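Overview (structure and organization)
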Amino acid sequence: MITQIQGLHHITSLAADANRNNRFFTDALGLRRVKKTVNFDEPSVYHLYYGDEIGTPGTVMTYFPFPHAARGTPGTGEVGETQFAVPPGALAFWAERLPALGATDLATDTSFGQRRLRFTGPDGDGFALIERPDDARPVWTGGRVPAESAVHGFAGARLRLKDADATTELLEFMGYERAEREDQVTRFVMPRGNGADTIDVEELPGVDASRQGAGSVHHIAFAVPDRAAQAEVRQALLDTGYQVTPVIDRDYFWAIYFRTPGGVLFEIATNEPGFDRDEDTAHLGEALKLPERYEPYRDQIESRLEPIVD
């Protein structure tokens, strides 16, 4: 069994408009934009990162905003719900705040004993705010949300799968423990995790496969401390029969990727070197940062990107 994974690192989704995406996460959700860069494989598109003050692994939501992208179709084989942790009693604040700032379909419920506020983001993204009384992670206090209601980071994520058996075996191999089951949803918990430590697996055998587009999660990343731990995880996955990419340098972490049996793209990302490797902490996310190979083309790249208005 793999023992190096600590919980979630980041979740990356697709959007249709960079400025609308930036407004929603910084204004509506009160997160800090910790990095403004480009999609390393398609530099004509931004890659925007939002999280706590320093972009701590387990707090970072990232987006590829492809201009005018068609909206995705929800279904199986995807991360259907991204879950954020908020303090107890905060849901009333969010239920009043979010509708005026681009969220729709708000609904409250209780899942696995936790009060939740589910809502849809501006691209049709599925989100939930979950009240967590035991979350000691610091909140970003420089945003537009008071500390007593602010997001601590991820609580976890919910996978929607047509057949869950092989993916649940994978999660247990990755160190997650099967905790509880409610109806067709099974919760897995990372013991001694980083706070972003739950994965819910919803089995929906009669639901069609999702179609990726704006509002869809592109991949979900799990955190390991460093490159040595990542190499061990990669070898363990290869030995089990998974096809895993070579290590890829993403400037702020190193990444490997593999497709799960349920169709979801998993990433294993290192906590090192972090988002302050090329910016002072006080100014994270302000300047457009490019990988070294793209620096000679900065003027051309910037001319194709819509300026982000803060």
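In this report, we go over the structure that sits alongside the text. Computed from a predicted structure; not experimentally measured.

1. Topic: the overall build of the protein
Of the regular secondary structure elements, the protein holds five helices and 16 strands. Over its C-alpha atoms the protein spans a radius of gyration of 18 Å, differing by no more than 12% from the 19 Å that the globule rule assigns to 310 residues. A principal-axis box enclosing the C-alpha atoms of the protein has dimensions of 50 × 50 × 35 Å. In the protein, the proportion of contacts linking residues at least 24 apart, taken out of those at least 6 apart, comes to 68%. When the accessible surface of the protein is totalled, it reaches about 13100 Å², and 48% of it is carbon and sulfur.

2. Regarding the sheet that holds strand E1 (residues 8-15)
Think of a sheet as strands paired side by side through backbone hydrogen bonds, with each pair either parallel or antiparallel. What the eight strands build is an open sheet, ordered E2-E3-E4-E1-E13-E16-E15-E14; its pairing is mixed. Both edges of this open sheet fall to strand E2 (32-39) and strand E14 (248-249), since each of them pairs with a single strand only. Alignment of E1 against strand E13 (residues 217-224), held across five bridges, turns out to be antiparallel. Across the sheet, the residue bridging to Leu8 is Phe222, located in E13. Against the sheet, helix H1 (residues 18-28) makes contact with E1, E2, strand E3 (42-51) and strand E4 (60-65), and its axis sits at roughly 10 degrees relative to E3, the strand it touches most.

3. Some thoughts on the environment of Asp105
Note that Asp105 resides in strand E6 (residues 104-111). Separated by 16 residues in sequence, Asp105 and Gly121 have C-alpha atoms that sit 9.0 Å apart. Beyond its immediate stretch of four places on either side in the chain, Asp105 contacts Arg118, Phe119 and Thr120. Among the polar contacts listed, one links the side chain of Asp105 to the side chain of Thr120, at a separation of 3.0 Å.

4. Describing unusual backbone geometry
Only a minority of non-glycine residues have a phi that is not negative, and only a minority of peptide bonds are not trans. With an omega of -5 degrees, the peptide bond running from Glu272 to Pro273 counts as cis. Checked against the element boundaries, Pro273 lands in strand E16 (residues 265-273). Non-glycine residue Arg192 carries a positive phi angle of around 55 degrees. Position of Arg192 among the secondary structure elements: in the loop between strand E11 (185-189) and strand E12 (198-203).

5. Describing the environment of Ile130
Looking at the secondary structure, you find Ile130 in strand E8 (residues 126-131). Remark: the alpha-carbon pair of Ile130 and Phe112, spanning 18 residues in sequence, is separated by 11 Å. Discounting residues that sit within four places of it in the chain, Ile130 has contacts with Gln83, Phe84, Ala85, Val86, Gln114, Arg115, Arg116 and Ala155.

6. What about the pattern of salt bridges?
Summed over the entire model, instances satisfying the criterion amount to 18 salt bridges. Taking the shortest distance from any N to any O, the salt bridge between Asp41 and Arg250 comes out at 3.8 Å. One end of the pair, Asp41, is in the loop between E2 and E3; the other, Arg250, is in the loop between E14 and strand E15 (253-259), and 209 residues separate them in sequence. Classification of Asp41 as exposed rests on a relative accessible area of 61%. The buried category is assigned to Arg250, whose relative accessible area is 14%.

7. Let's talk about the packing of aromatic side chains
Per the stated rule, a full pass over the model turns up 17 aromatic pairs. Where Phe84 meets Phe127, the ring centres are 6.0 Å apart and the plane angle is 45 degrees; that geometry is what we call tilted. Of the two residues, Phe84 is situated in strand E5 (residues 78-86) and Phe127 in strand E8; the sequence distance between them amounts to 43 residues. We classify Phe84 as buried; its relative accessible area is 0%. Between Phe222 and Phe266, the aromatic rings sit 4.8 Å apart at their centres with planes inclined by 55 degrees, giving tilted as the arrangement. Separated by 44 residues along the polypeptide, Phe222 in strand E13 and Phe266 in strand E16 bring together distant segments of the chain. With respect to burial, Phe222 and Phe266 carry one shared label: buried. Here the aromatic residues Phe24, Phe25, Tyr50, Tyr63, Phe84, Phe119, Phe127 and Phe154 are joined through ring pairs into a cluster of three or more.

8. Description of the environment of Phe173
Mapped onto the secondary structure, Phe173 falls in helix H3 (residues 165-173). By relative accessible area, which is 23% here, Phe173 ends up partly exposed. Considered as a pair, Phe173 and Thr240 are 67 residues apart in the sequence and their alpha carbons are 9.6 Å apart. Ignoring anything within four residues of it in the chain, the contact list for Phe173 reads Met1, Ile2, Ala236, Leu237 and Thr240.

9. A word on H3
Buried within H3 are the following residues: Thr167, Thr168, Leu170 and Leu171. Taken around the axis of H3, the buried residues stretch over an arc of 155 degrees, which confines them to a single face. Pointing more than 90 degrees away from the buried face of H3 are the exposed residues Asp165 and Glu169. Of the residues trailing H3, Gly175 is marked for its positive phi of about 105 degrees.

Scoring rules and cut-offs
Residues numbered from 1 in each chain as written. Predicted model: local features only at pLDDT ≥ 70, side-chain atom pairs only at ≥ 80, totals over all residues. Heavy atoms only, no water. Helix = DSSP H or I, 4+ residues; strand = E, 2+ residues; numbered from the N terminus. Rg over C-alpha atoms; globule rule 2.2 N^0.38 Å. Contact = heavy atoms within 4.5 Å. Areas by Shrake-Rupley, 256 points an atom, 1.4 Å probe, with all protein chains shown as cover. Pairing = 2+ DSSP bridges. Axes fitted to C-alpha atoms, helices over the stretch in contact; angles between N-to-C directions. Polar contact = N/O pair within 3.5 Å; in protein donor to acceptor, adjacent residues only side chain to side chain. Salt bridge = Lys/Arg side-chain N within 4 Å of Asp/Glu carboxyl O. Buried < 20%, exposed > 50% of the residue type's maximum accessible area, 1.4 Å probe, protein only. Phe/Tyr/Trp six-rings, centres within 6.5 Å; stacked < 30°, edge-to-face > 60°. Arc of directions from axis to C-beta.

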